[in-house]
Amino acid sequence: MADETSERDIPAKPRRLTDPKFRALVFQILASITVAAFLFFIVRNTLHNMELRGISTGFGFLDRVSGFGILQSLIEYDESSTYGRTFLVGLLNTLLVSALGVFFATLIGFVMGVLRLSSNWLINKLATVYIETFRNIPLLLQIFFWYFAIGFNLPSPRQSITVGESLFLNNRGLYLPAPVFEDGFMATGLAIVGSIIAVIFLARWARKRFEATGQLFHTVYASLAILIGVPTLVYVATGMPMHLDYPTLQGFNFKGGLTVIPELFALTLALSIYTGAFIAETVRSGIQSVSHGQTEAASALGLRPSWTLRLVVIPQAMRVIIPPLTSQYLNLTKNSSLAAAIGYPDLVAVFAGTTLNQTGQAVEVIAITMSVYLVLSLVISVFMNWYNAKMALRER
Amino acid sequence: MKILRISVLTAVATAGMALVGSAHAGTTFDAVKKKGFVQCGVSTGLPGFSATDDKGAWKGIDVDACRAVAAALFGDANKVKYTPLNAKERFTALQSGEVDMLPRNTTWTYTRDTSLGLNFAGVNYYDGQGFMVTKKLGVKSAKELSGAQVCIQAGTTTELNLADYFRANKMEYKAITYDSSDETVKAFESGRCDMLTSDQSQLYALRIKLADPSSAIVLPEIISKEPLGPVVRQGDDEWFNLVRWSLFAQLNAEEAGITMKNVDEMMKSADPNVRRILGVEGVKGEFLGVDDKWAYNIIKQVGNYGEMFERNVGQGSALKISRGQNALWNKGGIQYAPPIR
Ligand SMILES: N[C@@H](CCC(=O)N[C@@H](CS)C(=O)NCC(=O)O)C(=O)O
């Protein structure tokens with residue numbers, strides 16, 4: 001009874017106004033409306049003024065024929081493709097160089113980070129020199145260095161360096177034989193997919209058994225046997241439905257086969273070496289953050305040093321390493337836009353460069369390009385956060 | 001970072017267009033007059049067109065286009081400041097108001113004239129696209145270039161003409177596109193590509209930038225029309241008129257035989273055409289919003305078209321380009337200006 005009266009005593013209105021949650025909600029709604037109105041005003045006014053000044057607007061240009069060639073394309077593209085297609089080509093090229101860069105930078109970074117802590121004086125100093133040098137030279141200079149160092153030092157196509165007349169290296173790139181798949185190759189493809197799935201299940205089973213019984217199972221050898229053996233058997237059984245297309249010198253340049261252009265090579269090299277130096281420092285600090293007592297405890301248990309690193313130190317260090325590693329991946333992806341300087345056809349060069357210029361639609365093109373980098377960054381962040389959560393300390 | 005620069009320019013342009021009202025006639029003209037100098041968008045360094053000499057002073061026919069406007073407007077050709085721009089940045093820089101005029105070996109095309117909010121004020125050099133190859137290649141004609149790898153600069157008409165030419169002749173090519181002309185030249189020198197293509201005049205200019213100019217030759221073929229001229233923003237007719245007639249004054253002066261040297265004597269000439277050009281009688285400078293001696297100032301300080309040509313790209317320069325199409329209409333060329341009357 002007493003409760004009821006006291007509730008009725010407090011008038012409903014003032015209570016809502018003083019409720020911090022309610023007030024916060026009101027202010028957030030007001031703020032959102034203001035921002036939205038401001039954006040609306042900006043966009044409308046911009047469009048209006050661009051029209052007044054005779055500047056074309058809109059996204060119709062994406063359907064128009066581009067009319068220019070692109071050096072490297074992962075999808076079908078020629079001069080009669082549309083500007084929308086140039087966007088895709090550029091985007092894929094950006095993704096390619098970023099993915100390669102992330103892969104090699106991680107590899108270099110982890111190796112160098114561990115070596116940096118080596119007790120061997122020479123190795124330790126070499127790693128230190130690497131890190132301090134490449135972290136402190138501007139990336140653009142490094143890109144130019146690798147690009148022109150390659151360009152000026154490799155022979156012309158007619159004097160190519162060759163391995164067995166099937167692999168050629170010259171100042172136009174690395175030419176490799178390309179696999180050409182014939183009709184019956186489908187079975188081999190399925191066999192590859194199948195054996196990958198089998199290996200995943202095998203690994204799971206082995207871990208379960210290890211956790212339950214403590215018995216080790218050599219997954220590595222078994223997996224390799226499955227991965228190589230099964231597809232090879234199927235490939236041979238179906239009559240080897242694949243041949244190689246070899247590059248050949250025709251006129252001034254090689255034709256056929258697969259080409260790795262020097263721009264891709266130099267850019268990947270520069271990005272991985274530069275970012276690798278930063279990752280090495282991250283890895284070093286991560287490892288050092290694991291208390292020395294852990295290592296001592298591990299060796300007291302009789303674990304080999306390499307096992308200690310792999311099973312005790314790294315898993316704990318990872319939790320410290322992942323957040324800064326994420327920002328290095330983000331940096332690398334954004335830095336890949338320096339590609340335009342050496343003519344690698346990435347999104348910025350192809351779309352925010354040539355396409356912007358041929359169409360003159362700067363506002364639209366830059367808006368699209370910025371959104372792409374934003375989305376890429378968000379995707380990387382989300383993935384790394386997921387990985388971080390997965391690596392977090394789990395209590396069993 | 002280049003993307004940054006373009007983004008910033010775009011942001012400035014967008015912000016400008018988002019916040020201010022519409023441009024009214026005369027805004028650029030009045031603004032330039034008020035600040036006391038012309039902000040001139042030029043290339044980052046193309047000998048003969050716009051490049052700095054060993055003392056750091058800008059020289060070239062594109063530079064002279066701005067100097068002529070400054071002479072007409074302020075009576076002083078030195079009242080110019082320069083903004084070096086690569087091919088990709090140039091139109092955004094003009095649209096955003098970073099520069100007042102853009103004489104930067106820029107080709108007059110339909111798309112640029114109609115969809116960028118810009119206007120071409122005239123043609124100060126008739127050009128066409130050509131090819132430069134290394135002598136080692138042993139090629140005599142562009143028709144032998146199928147399968148070639150080509151170095152070009154991004155954001156130019158060159159990119160499109162190249163694609164057209166090779167497609168029309170059913171030849172294959174690979175284009176390697178650089179942001180700046182320095183990288184384009186360096187890549188060509190390093191052997192990354194078989195040839196470099198650009199407007200032919202610019203090939204001669206880039207050739208003298210090579211470590212060994214005699215190692216490269218310019219092929220005879222011309223594959224396109226490249227009328228190069230100064231560009232201004234749309235919507236200010238007073239400014240457009242001033243830029244356009246500054247060039248026409250130089251052409252009319254050459255036709256009438258008025259030169260830097262004899263211009264003072266010519267003031268006393270009895271020829272009514274000469275007297276009109278020099279503002280002694282007849283037409284008034286006020287139609288352009290400038291002093292009556294505007295054309296006199298241009299000729300006195302910058303010279304007539306022919307003098308300007310010979311000094312920068314012709315026999316008086318390292319380029320040694322002959323007048324060709326750029327001779328006056330009555331001397332076998334196509335340079336032709338409407339009369340001053
Ligand atoms: N006329 C052509 C080409 C202009 C152009 O940019 N040419 C290059 C020649 S490689 C150049 O002048 N580069 C100098 C620079 O970027 O500063 C156009 O308007 O698109």
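Just above sits the structure.
Residues numbered from 1 in each chain as written. Chains lettered and ligands numbered in written order. Predicted model: local features only at pLDDT ≥ 70, side-chain atom pairs only at ≥ 80, totals over all residues. Heavy atoms only, no water.

**Q** Hey, could you go over the layout of surface pockets for me, with residue numbers and the actual values?
**A** Of the volumes computed, that of the second largest pocket is approximately 1100 Å³. Contributions of two or more residues to the lining of the second largest pocket are made by β7 (253–255) and β8 (258–260) of chain A together with β8 (148–153), α6 (157–168) and β9 (173–178) of chain B. The residue makeup of the lining of the second largest pocket, split by class, is 17 nonpolar, 12 polar and nine charged. (1 Å grid on protein atoms, 1.4 Å probe; cavity = no way out; pocket = protein on both sides within 12 Å on 5 of 7 lines; lining within 4 Å. Points joined across faces, edges and corners; volume = space filled by probe spheres on them. Helix = DSSP H or I, 4+ residues; strand = E, 2+ residues; numbered from the N terminus. Nonpolar A, V, L, I, M, F, W, Y, C, P; charged D, E, K, R; others polar.)

**Q** Kindly report on the side chain of A:S166, identifying the contributing residues and their values.
**A** Here A:S166 is to be found in the loop between β1 (161–163) and β2 (167–170). Not counting residues within four places of it along the chain, the set of residues in contact with A:S166 comprises A:Y175, A:L176, A:P177, A:Y246 and A:P247. (Contact = heavy atoms within 4.5 Å.)

**Q** Residues and numbers for empty space enclosed by the protein, please.
**A** Residues and elements named next belong to chain B. In this structure the tally under the stated criterion is seven cavities of 30 Å³ or more. One number sums up the size of the largest cavity: a volume of about 260 Å³. Taken together, 23 residues line the largest cavity, and the ones lying closest to its centre are N105, Q153, T156, S198 and Q202. Mapped onto the lining of the largest cavity, the elements with two or more residues apiece are α6, α7 (181–190), β10 (195–199) and α8 (200–207).

**Q** So what about helix α13 (residues 305–312) of chain B? Which residues, and what values?
**A** Residue and element names in this part refer to chain B. Among the residues of α13, Y305, G306, M308, F309 and N312 are the ones counted as buried. Along α13, the residues classed as buried sweep out an arc of 165° about the axis, all on the same side. Here the buried face of α13 lies against β3 (58–59), α3 (61–74), β6 (125–127) and α9 (237–256). N-capping of α13 is provided by N304, with a side-chain oxygen placed 3.0 Å from the backbone N of G306. (Buried < 20%, exposed > 50% of the residue type's maximum accessible area, 1.4 Å probe, protein only. Arc of directions from axis to C-beta. Polar contact = N/O pair within 3.5 Å; in protein donor to acceptor, adjacent residues only side chain to side chain.)

**Q** Give a detailed account of the site of the ligand, specifying residues and quantitative values.
**A** Residues and elements named next belong to chain B. Lining the immediate surroundings of the ligand are 24 residues, of which T44, T107, Q153, T157 and D199 lie closest. T107 is positioned such that a nitrogen or oxygen atom in its side chain is 2.7 Å from a nitrogen atom of the ligand. Here R112 contributes a side-chain N or O atom positioned 2.9 Å from an oxygen atom of the ligand. Here the ligand, which alone exposes 510 Å², has 99% of that area covered by the protein. The site holding the ligand turns out to be the largest cavity. Where the shell around the ligand is concerned, the elements lending two or more residues are α6, β10, α8 and β12 (226–228). When the residues that make up the shell around the ligand are grouped by side-chain class, the tally is five nonpolar, 14 polar and five charged. (Near = heavy atom within 4 Å. Areas by Shrake-Rupley, 256 points an atom, 1.4 Å probe, with all protein chains shown as cover. Sits in = over half its atoms within 2 Å of the grid points.)

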